[in-house]
Every structure is written in structure tokens, then in C-alpha cells.
Amino acid sequence: MATVLRKPVIIAAIVAAVSITTIILVDHTNLIVDRRAPQTPPGTTFNTVNDAGATVNPTRA
């Protein structure tokens, strides 16, 4: 068994199999939480900024 695991091709195949299995599990299950920011609600910039908790100071044109 020790001589089999010393061959680079076998090690590469094992690493590839584990990697592919991990990718399939992560892509097809809910193991990873979606950390993207939620979409901004439609409307004006004023409403979007207020929903985010910031303030908008009026400007004179």
C-alpha cells in the first residue's frame, strides 16, 4: 500500500476526486451562505440612502 501512494499520478487522482466531490457538494447544497448584499429597492437615491441608514443633505444648485 505504501508503494502505491508514492506515485504522483495516484496522489493527483485522489486530490482531484476530493476536489470535484467538494465542488459538487458546495454547488448543489446550501452549505455556503449567500453573502451578497441584497438588491436595493426601486426608487430614488434619497429612499435608497435612507433605507441604508445614511442621511442626505440637500444641495443648492
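The structure displayed is predicted, hence computed values, not measured ones.

Can you walk me through the overall build of the protein chain in this structure?
Looking only at helices and strands, the protein chain features two helices and zero strands. Within the span of the protein chain, comprising 61 residues, buried residues form 0% of the whole. Summed over its atoms, the accessible surface of the protein chain is roughly 6000 Å², and 64% of this surface lies on carbon and sulfur atoms.

Even after reading the chapter, I still don't get a nonpolar patch on the surface, so can you show me in this structure?
A cluster of nonpolar residues, Ile10, Ile14 and Val18, forms a patch on the protein surface that exposes about 230 Å² of accessible area. Looking at the element boundaries, Val18 is found in helix α1 (residues 8-28).

Definitions and cut-offs
Residues numbered from 1 in each chain as written. Predicted model: local features only at pLDDT ≥ 70, side-chain atom pairs only at ≥ 80, totals over all residues. Heavy atoms only, no water. Helix = DSSP H or I, 4+ residues; strand = E, 2+ residues; numbered from the N terminus. Buried < 20%, exposed > 50% of the residue type's maximum accessible area, 1.4 Å probe, protein only. Areas by Shrake-Rupley, 256 points an atom, 1.4 Å probe, with all protein chains shown as cover. Patch = residues over 30% accessible without salt bridge, like charges linked within 9 Å, V, L, I, M, F, W, Y side chains within 5 Å. Salt bridge = Lys/Arg side-chain N within 4 Å of Asp/Glu carboxyl O.

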